[in-house]
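# Descriptive analysis of the structure
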Amino acid sequence: MDLVGACKAFVSVSERGSFTLGAAAARIPQPVASRRIAALERHLGGRLFDRSTRRATLTPFGREMLASAKRLVELAEAMEHDAERARLTPIRFAVPDTCPTRDLAFLDAEARRQGLHLDFVPAAPARRAELLAFGQVRAALVAVPADDGYWRVPLGLASAAPPRVETVHLETLRAGRADPVVRRRVWLQPEDDVPHIRDRLFRIRDAVGLQPAQVAVAPALTSAVADVLGSADLLLCSPAQAEELGLHWRPIGGVRLVRGFDVSAGTGEDAERVRLPLTEEIARCLGVPADSATPADQGEAQ
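Summarised in this report is the structure supplied together with it.

About the criteria used
- Within each chain, residue numbers correspond to sequence positions counted from 1 in written order.
- This being a predicted model, a pLDDT of at least 70 is required before a residue's local features are given, and a value of 80 or more before pairs of side-chain atoms are given or counted; all residues contribute to the totals for chains, interfaces and linings.
- For the side-chain quantities, the full set of heavy atoms in the structure was used; hydrogens and water were omitted.
- Among the buried residues, those of types Ala, Val, Leu, Ile, Met, Phe, Trp, Tyr and Cys that are joined through side-chain atoms within 4.5 Å form a nonpolar core.
- Relative accessibility under 20% of the residue-type maximum defines a buried residue, over 50% an exposed one, and the middle range a partly exposed one, all with a 1.4 Å probe and only protein chains included.
- A helix here means a DSSP run of H or I that spans at least four residues, while a strand means a run of E at least two residues long, and both kinds are numbered starting from the N terminus.
- Contacts between residues were defined by any pair of non-hydrogen atoms, one from each residue, lying within 4.5 Å.
- In this scheme, a helix's expected span is set at 1.5 Å multiplied by one less than its residue total.
- If DSSP finds at least two bridges between two strands, the strands pair.
- Crossover handedness is defined here as right-handed if the route from the first strand over the helix to the second strand goes clockwise, with the strands pointing away from the viewer.

## Brief notes about the nonpolar core
Formed by 25 residues in total, the largest nonpolar core has its most connected members in F93, W151, V263, I282 and L286. Of all the secondary structure elements, the ones that give two or more residues to this core are strand 3 (91–96), helix 5 (101–113), strand 5 (139–144), strand 6 (151–159), strand 11 (257–265), helix 10 (268–275) and helix 11 (279–286). Excluding residues within four positions of it along the chain, I282 makes contact with F93, L107, L141, W151, V263 and V274. Of all hydrophobic cores here, the second largest spans 20 residues; its members include F10, F19, A23 and L40.

Rendered as structure tokens:
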């Protein structure tokens, strides 16, 4: 039997001295209140109300049980209140600090429609992992190798001036004999300062004969963009990010660099609560191309 529901009906009827008024106060039909109280009487083994009078008068047994019933109802209501508060407690969610504010706002709005409340903590990759490891956030969009990524973002090179080629080959950045001083640089932003992107690009740099300083990690995205805007330097970024920054993007010849992302959390339940209902909105924040598919989509297609 529904012990809590029966006790609520019992308390409500006893306080109002009427099955009709008590049922109305409990927001249930009068026959339902009567059935619940009858079931409670059978469960407890005694009559709670004297039904020989027009009013709902408590029996001596009913008066003995009323205090316990009230405590049970109060505990149940307190539990419901705590559950509601817990559902409304924001999930602190570490996200890349490159996510555009407008896209994060769309993500937040959709999360609220899904019954989730997110508190964004923008941070670079290493910091996001650290925040999660020390329990300062409940979930994080972590940087992972492309093959492990739930979301994948292709990277290329962006410049301030429109390039004359459709694909940028890194070997073309070698300084010419006529002007050995001028060396164009490729700037990595902090979001790409992760081994599966940084180290691979450094190996390519060395293989094609570029100087070490020609491919470097910038201390901040702002300084990297400033260098690109004031020179012929290039920024490693996604097409969406290049568009946001007003730069001209081209793919890199002979290599495919991709940012991989997934949701990591203290519990698998938290990760799924964020990942599954918000896949498209997170993809927009990360700059995933519209025609890209998640591993889940690819699995369904197979």
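## Focus on helix 7 (residues 195–207)
Between the first and last C-alpha of helix 7 there are 17 Å, a value that for 13 residues agrees with the 18 Å anticipated at 1.5 Å per step. Once helix 7 ends, the next one or two residues include G209, with phi positive near 85°.

## Brief notes about the environment of E110
Here E110 shows up in helix 5. Judged by its relative accessible area of 14%, E110 is buried. Counting along the chain gives 107 residues from E110 to L3, while the straight-line C-alpha distance between them is 37 Å. Once you skip the residues sitting within four places of it in the chain, E110 turns out to touch L278 and E281.

## Quick notes on the pairing of strand 3
A large share of strand 3 lies buried, amounting to five of its six residues. Pairing analysis gives six bridges linking strand 3 to strand 4 (residues 118–123), with the strands arranged parallel. Its bridge partner lying in strand 4, V95 is registered against P122. Between the parallel elements strand 3 and strand 4, the chain passes through helix 5 in a crossover that is right-handed.

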